[in-house]
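Each chain, letter by letter, is given below.
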Amino acid sequence: MRDWVTYVGIMTVVLLVIYRDRLTPGLFAGLFASGPIFVALGALLAKFGYQRKTLRDLRNESSSRTPRSAGTDTSAPTARPRPAPTKRTSTGTQRPGTKRRR
């Protein structure tokens, strides 16, 4: 809900700036109608197992990382092996020669 309240606050200011001469209750009704939609969508995502990371989780994740120095990273993924040669990727030119003009 905190995210939606932040959204409503920002959008209220934006609507006041953009539509200052043409404010109607419909603008704000639509804005406040987005609350139940936001909650319903969040409930649906939670039902399918989605779980947002909290700021605490993000801070712990970034603090557990150690600074890497260039060239000493041993956990870098290895290069993919080359695919086997095929008709299109064979080595050299395999095209038939052109006929000479006489």
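As shown above, the structure is provided for reference.
So, here's what we can say about the structure. Along each chain, residues carry numbers from 1 onward, in the same order as the chain's sequence is written. In keeping with the predicted nature of the model, local features appear solely for residues at pLDDT of at least 70, side-chain atom pairs appear and are counted solely at 80 or more, and the whole-chain, interface and lining totals rest on all residues. Side-chain calculation: all heavy atoms of the structure are included, whereas hydrogens and water are not.

Thoughts on helix H1 (residues 2-18)
Rules: Helix numbering and strand numbering both begin at the N terminus, where a helix is a DSSP run of H or I of at least 4 residues and a strand a DSSP run of E of at least 2. In this scheme, a helix's expected span is set at 1.5 Å multiplied by one less than its residue total. Each residue is placed in one exposure class: buried if its accessible area under a 1.4 Å probe, protein chains only, is under 20% of its type's maximum, exposed if it is over 50%, and partly exposed if it falls in between. What the arc measures is the spread of directions leading from the helix axis to the C-beta atoms. Whether two residues are in contact is decided by their heavy atoms, any of which lying within 4.5 Å being enough.
Here H1 spans 24 Å end to end across 17 residues, near enough to the 24 Å set by a 1.5 Å rise per residue. Within H1, burial applies to Trp4, Val8 and Leu15. Along the axis of H1, the buried residues cluster in a sector spanning 45°; they form a single face. Turned more than 90 degrees off the buried face of H1, the exposed positions are Arg2, Ile10 and Val13. Residues of H1 that are buried sit in contact with helix H2 (25-47).

Overview of the side chain of Ser34
For Ser34, the position within the fold is in helix H2. When residues no more than four places from it in sequence are discounted, the contact partners of Ser34 are Trp4 and Tyr7.

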